[in-house]
Amino acid sequence: MFCDPGIDDSLAIMYTMLDPELELVGIVTGYGNVTIDQATANAAYLLQLAGKYDIPIIPGASKPVQQEEVSFYPEIHGEGIGPIQPPSDLQYQIYPFDTIRLIIERYRNELIIVDTGRSTTLATAFILFPEQIKMVHSFYVMGGAFFVPGNVTAMAEANFFGDPTSSNFVLKFAHNLTITPLNVTQFAILTPEVAEAISENERNIYASMIAPVFEFYYEFYKESVPGIPGAPIHDLLTIMLVKNPTIVDYIYYDAKVVEDIEVKGMSYIDFRPTSNTGETRIAVNLHYEAFLEEFSKVMLPE
């Protein structure tokens with residue numbers, strides 16, 4: 001998992017830790033929602049709460065390839081995981097970047113890479129380990145907004161906006177690629193009722209965190225999207241599709257990201273009737289009840 005936790009990335013990590021059918025074999029952290037140092041500490045804290053000390057944490061990129069000033073989003077994701085800060089004396093081991101190559105080789109043809117943050121680090125892995133990247137089974141990328149408004153600008157979603165050059169690189173060279181854009185992730189809403197049920201579930205090891213984290217996250221969305229019934233957990237949906245691909249509908253097109261400053265980060269496909277379709281699987285419609293059922297099955301263990 002390549003990520004920048006962040007609240008929704010953190011929920012994706014929690015979900016993966018709790019789902020017995022998913023095996024997380026490494027976390028690569030990067031800048032985005034928060035700084036790379038904060039993202040790394042947040043990931044380590046979540047793994048330790050789950051008693052998972054053997055999953056390598058690999059710090060990745062700290063800024064985009066354009067070398068411009070990086071924006072973080074404390075008003076959405078807080079200074080830690082929402083209002084929760086990992087302990088100041090938290091001890092954890094970090095692994096060198098080459099560990100990515102070793103993990104790919106170990107799980108040859110079985111490894112799935114899920115990228116829920118800026119794609120700078122994943123693009124770097126493509127450049128450094130071109131032969132190993134061919135051994136990856138498939139890729140899932142959270143990013144983009146096709147024919148719907150963005151969430152950072154009118155045109156652009158945050159991950160593609162954060163480093164459109166790297167996003168373009170990944171979209172061009174990744175095989176067996178699935179994109180989960182805002183088309184579906186904005187409707188993957190965690191409601192107050194479900195959050196409360198999780199916080200009261202004694203079998204969920206993260207139960208005590210859910211209420212304060214959700215409330216922090218939801219406060220932002222109530223102001224930015226008046227009337228929204230909950231908070232969208234964009235990155236978690238991306239993880240869920242690895243095991244539950246049918247909770248969304250797809251179209252197949254080659255996607256690109258605009259790098260020009262005027263519409264930076266805008267994702268697009270050639271949707272004209274005379275154009276050719278492509279091989280990239282793009283999620284466009286969420287089946288909410290199926291999503292909620294799968295989410296509850298994992299996050300509300302019996």
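Residues numbered from 1 in each chain as written. Predicted model: local features only at pLDDT ≥ 70, side-chain atom pairs only at ≥ 80, totals over all residues. Heavy atoms only, no water.

Caption draft 1: Structural view of the overall build of the chain. The helix and strand tally for the chain stands at 13 helices and twelve strands. For a compact globule of 302 residues, the expected C-alpha radius of gyration is about 19 Å, and the chain comes in at 18 Å, within 12% of that figure. A principal-axis box enclosing the C-alpha atoms of the chain has dimensions of 55 × 45 × 35 Å. Looking at the chain as a whole, 56% of its 302 residues are labelled buried. Within the chain, contacts between residues at least 6 apart in sequence are counted, and of these 80% link residues at least 24 apart. (Helix = DSSP H or I, 4+ residues; strand = E, 2+ residues; numbered from the N terminus. Rg over C-alpha atoms; globule rule 2.2 N^0.38 Å. Buried < 20%, exposed > 50% of the residue type's maximum accessible area, 1.4 Å probe, protein only. Contact = heavy atoms within 4.5 Å.)

Caption draft 2: Just helix α1 (residues 7-18), in detail. Between its first and last C-alpha, α1 extends 17 Å over twelve residues, near the 16 Å set by a 1.5 Å rise per residue. Taking burial as the measure, the twelve residues of α1 include twelve buried ones, the bulk of the element. When α1 is considered as a whole, its buried residues turn out to be Ile 7, Asp 8, Asp 9, Ser 10, Leu 11, Ala 12, Ile 13, Met 14, Tyr 15, Thr 16, Met 17 and Leu 18. (Expected span 1.5 Å × (residues − 1).)

Caption draft 3: Structural detail: the packing of aromatic side chains. Inspection of the entire model under this criterion finds eleven aromatic pairs. Consider the rings of Phe 147 and Phe 271, whose centres lie 5.2 Å apart with planes at 55°: the pair is tilted. With Phe 147 in the loop between β5 (138-142) and α7 (158-162) and Phe 271 in the loop between β11 (267-269) and β12 (281-286), this pair connects stretches of sequence that are 124 residues apart. Their ring planes at 45° and their centres at 5.6 Å tell us that Tyr 288 and Phe 291 sit as a pair that is tilted. Here Phe 291 and Tyr 288 lie together in helix α13 (residues 288-299), a separation of three residues that amounts to about one turn. What makes Tyr 288 partly exposed here is its relative accessible area of 25%. Among the aromatic residues, those joined into a cluster by ring pairs are Phe 126, Phe 139, Phe 169 and Phe 173. The ring of Tyr 218 has Lys 222 lying over it, and the distance from NZ or CZ to the ring centre is 4.8 Å. (Phe/Tyr/Trp six-rings, centres within 6.5 Å; stacked < 30°, edge-to-face > 60°. Lys NZ or Arg CZ within 6 Å of the ring centre and 35° of its normal.)

Caption draft 4: Looking closely at the packing of helix α5 (residues 120-128) against helix α8 (residues 164-173). Packing of α5 against α8 brings their axes to within 8 Å, and their N-to-C directions diverge by 50°. Here α5 is positioned oblique relative to α8, judged by the angle of their axes. Along this stretch, α5 crosses α8, giving a crossing that reads as left-handed. For the pair α5 and α8, the contacting residues are Thr 120, Leu 122, Ala 123, Phe 126 and Ile 127 in the first and Ser 166, Phe 169, Val 170 and Phe 173 in the second. Across the contact of α5 with α8, the residue classes tally to seven nonpolar, two polar and no charged. (Axes fitted to C-alpha atoms, helices over the stretch in contact; angles between N-to-C directions. Parallel < 35°, antiparallel > 145°, perpendicular 65-115°, else oblique. Left-handed = near helix turned anticlockwise from the far one by under 90°. Nonpolar A, V, L, I, M, F, W, Y, C, P; charged D, E, K, R; others polar.)

Caption draft 5: Examining the side chain of Thr 29 more closely. In this structure, Thr 29 sits in strand β2 (residues 27-29). A residue is classified by how much of its surface remains accessible, and Thr 29, at 1% relative accessible area, is buried. Those residues within four positions of Thr 29 in sequence are excluded, and the remaining contacts are Cys 3, Ile 36, Ala 39, Thr 40, Ala 43, Ile 57, Ile 58, Pro 59, Gly 60, Ala 61 and Thr 121.

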